[in-house]
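Architecture and fold: a report
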Amino acid sequence: MTRAREPDLDGYVEHAGVKLHYEVHGDAGPTLLLLPTWTILHKRFWKLQVPYLSRHHRVVTYDGPGNGLSDRPRDSAAYHHDRQVEYALAVLDATGTDRAVVVGLSMGGLWALQLAAEHGDRVLGTVVIGASVPLTDQHPSRAQPGGDPLALPPSAVPDVTRDPVEHWAKYDPAFWERRHEDFLWFFFGMCFPEPRSTKPIEDCVGWGLDTVPEVLTAERASEPPARETVEGWCRAITAPVLVVHGDRDLISPLSRGERIAELTGGELVVIAGGGHIPLARDPVKVNHLIGDFAARVAPRPGPTTWRRGRLRPRRVLYVSSPIGLGHARRDLAVARALTRERDDVQVEWLAQDPVTRFLEQAGETVHPASAWLASESGHIESESGEHDLHCFEALRRMDEILVNNFHVFHDVVREGDHDLVVGDEAWDIDHYLHENPELKRFAFAWLTDFVGILPMPGAPEREARLAADYNAEMIEHVERFPWLRDRAIFVGNPEDVVPDAFGPGLPDIRAWTEEHYDFAGYVTGLDDAAPVDRAEVRRVLGWHEDEQVCVVTVGGSSVGTHLLRRAAAAHDVARRLVPGLRTVLVTGPRVDPDVVRARPGLEVHAFVPDLPRLLAACDLAVVQGGLTTTMELAAAARPFLYVPLRNHFEQNLHVRHRLERYGAGRCLPWDEAADPDRLAQAIAEDIGTRVTPRPVETGGAARVASLLADLL
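Now for a description of the structure that goes with this document.

The rules behind the values
- Residues numbered from 1 in each chain as written.
- Predicted model: local features only at pLDDT ≥ 70, side-chain atom pairs only at ≥ 80, totals over all residues.
- Heavy atoms only, no water.
- 1 Å grid on protein atoms, 1.4 Å probe; cavity = no way out; pocket = protein on both sides within 12 Å on 5 of 7 lines; lining within 4 Å.
- Points joined across faces, edges and corners; volume = space filled by probe spheres on them.
- Helix = DSSP H or I, 4+ residues; strand = E, 2+ residues; numbered from the N terminus.
- Pairing = 2+ DSSP bridges.
- Axes fitted to C-alpha atoms, helices over the stretch in contact; angles between N-to-C directions.
- Contact = heavy atoms within 4.5 Å.

For the structure shown, the criterion picks out 7 cavities of 30 Å³ or more. Lining the second largest cavity are 18 residues, and of these V319, P322, Q352, E376 and D428 lie nearest its centre. Within the residue set of the lining of the second largest cavity, elements represented by two or more residues are strand 9 (314-320), helix 17 (399-416) and helix 18 (427-435).

Right, let's get into the sheet that holds strand 4 (residues 58-62). The 8 strands lie next to each other as 1-2-4-3-5-6-7-8, forming an open sheet whose pairing is mixed. Pairing within the sheet leaves two strands with one partner each, and these edge strands are strand 1 (9-15) and strand 8 (267-271). Adjacent strand axes in the sheet meet at a mean angle of 20° when their direction is disregarded. Here strand 6 (residues 123-129) runs beside strand 7 (residues 241-246); their pairing, made up of 4 bridges, is parallel. Its bridge partner lying in strand 7, T126 is registered against V241.

The next point concerns the sheet that holds strand 19 (residues 620-623). An order of 18-17-16-19-20-21 is seen for the 6 strands of this open sheet, with the pairing classed as parallel. Of all strands in the sheet, those with a lone pairing partner are strand 18 (602-605) and strand 21 (666-667), marking the two edges. Inspection of the sheet shows strand 17 (residues 582-586) paired to strand 18 by 4 bridges, in the parallel sense. Residue pairing in the sheet places V586 in a bridge with H605 of strand 18. Seen against the sheet, helix 27 (residues 676-686) touches strand 16 (549-553), strand 19, strand 20 (640-642) and strand 21 and runs at an angle of roughly 145° to strand 20.

Structure representation (structure tokens):
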């Protein structure tokens with residue numbers, strides 16, 4: 001799994017016979033020490049904080065004893081709160097940290113308070129989140145019932161709808177020994193009472209399985225501090241304190257956070273509707289709270305400039321999806337149409353490789369903060385298999401990258417005075433703006449060419465439930481904050497929307513989209529260009545008039561490498577069936593051209609910036625199921641075979657629906673395309689055939705630009 005940020009330094013420190021693994025991220029002071037929590041988790045639970053915080057601060061994390069890359073002692077003394085403070089000091093020493101802002105979640109909040117009280121010379125300030133401290137009684141739901149907890153039915157999926165009093169019987173070492181995973185599903189279900197929390201629950205269960213019940217039992221046996229002791233720590237703290245606590249915390253009640261703030265004189269921030277781990281469920285807000293607190297306790301003054309409003313140019317920040325290059329081609333057409341319509345507009349781009357290469361070659365202005373973005377293409381590639389990409393699950397597992405990239409975006413707009421932000425399937429921006437609507441200070445236009453996450457046919461029930469849950473959240477966002485998207489633009493027409501429902505009990509996708517979107521018709525990358533002269537393009541490329549040319553292209557990521565190899569393997573057979581066949585493989589910017597060996601009749605090219613013209617001039621194309629490339633072929637009335645990635649719901653359902661409506665292309669499943677002989681036969685059957693798809697409308701870029709210009 002791709003991380004949004006890898007550590008700049010990592011290592012081990014040993015204390016009292018226990019070896020601990022630590023990581024250091026960033027080098028801008030002050031240092032933030034993110035403590036471990038209950039050993040049920042390791043340091044990856046900070047994954048949504050580290051990338052953002054380490055751009056502004058130096059961040060140190062470590063695995064406490066019992067999990068992650070640290071030792072797993074079975075002696076309860078290794079988990080005593082005094083020893084936990086000693087571990088923190090050992091990590092500070094090992095990382096060359098004199099003083100730090102200390103941040104602790106749950107039990108880590110207890111250790112943070114003790115560290116600040118007993119070693120104030122090492123602590124600049126303290127942040128405690130959902131602190132599990134014996135300052136008030138437990139939450140009423142944790143009353144232990146009678147009976148045998150092992151008689152309770154195991155939980156196969158998160159289920160927090162059953163009686164929590166009954167289920168707290170699972171908080172017992174005897175139950176852990178027998179049904180460890182069942183306990184984890186229950187416990188983390190209780191940690192996240194917020195709706196739409198399936199992903200953080202799954203993450204925490206996975207991390208919990210990285211340790212063993214015997215470790216949890218040993219830690220539970222360590223003696224906790226008395227209430228009077230903790231009260232003394234709180235009163236002894238002299239550095240600033242920030243307390244963050246959810247008012248629906250079922251693990252440690254809000255009254256504990258209130259008591260900490262009272263005793264320390266600290267600031268209390270209540271997360272309304274929040275559970276025990278708001279740093280996972282509301283990461284943007286928590287990250288800003290931690291970062292702003294650290295900036296206050298250890299400020300780094302610097303010059304600032306404020307420009308009067310009337311002196312500011314009209315600035316547009318365009319964020320184009322980095323998954324492939326199709327979005328970039330159409331977005332460039334839209335941006336150029338917008339600047340033609342409004343000559344006082346300056347467009348700058350927040351983008352990632354390979355989009356940045358395409359834009360820079362086109363002479364566009366790429367914002368320097370683009371270098372801070374974590375690679376979404378790299379993540380997608382890491383999630384793919386043999387022509388297989390479960391894009392819904394890949395999107396769910398991209399959470400830390402999306403949080404990082406939203407923070408980069410927010411830093412840019414906070415400092416940049418942009419009048420308009422255009423997000424073409426910029427999922428991070430749309431989602432986290434809806435989750436944090438107070439951060440919107442610009443007009444926001446959202447573009448997409450599909451609406452609705454759909455389960456693949458024959459998928460397990462779990463996938464259908466999760467897809468419906470994600471759709472329900474999106475619907476709630478849009479209908480709760482209808483003003484947040486100043487324009488929602490569908491790149492296509494109403495008939496291009498699939499005739500399905502978002503899920504059981506949810507609206508019809510097409511009807512809902514018609515109610516909430518403007519329709520621009522389709523936008524191709526050639527919208528602002530002269531019509532393609534096929535004969536001239538073929539002459540320039542050296543393709544003879546009577547020569548049959550098959551172009552194989554797989555877009556801007558390396559996910560299509562397997563299709564390239566199969567097409568290369570099919571070439572010799574296809575050339576026997578089509579004498580003189582020329583096969584042109586376009587690997588794209590993220591695939592090494594050497595992945596396929598060129599030979600007579602088989603050319604291999606890397607990045608081709610004018611790919612739409614190449615496609616318009618060919619006699620057949622073999623492509624994946626991406627919408628932009630296939631619609632460019634439809635617009636050029638070219639025959640093509642498209643091979644959707646397995647388990648890719650957008651290519652298999654949304655794109656296929658649109659292509660069938662246009663009567664364009666022939667779908668070739670991977671199990672056929674993977675056989676070189678069958679692929680060669682399909683190439684021979686379709687190359688050079690005359691096709692008459694429904695005409696693809698022109699002028700889409702100008703229509704989108706007009707909708708955007710209204711916001712300026």
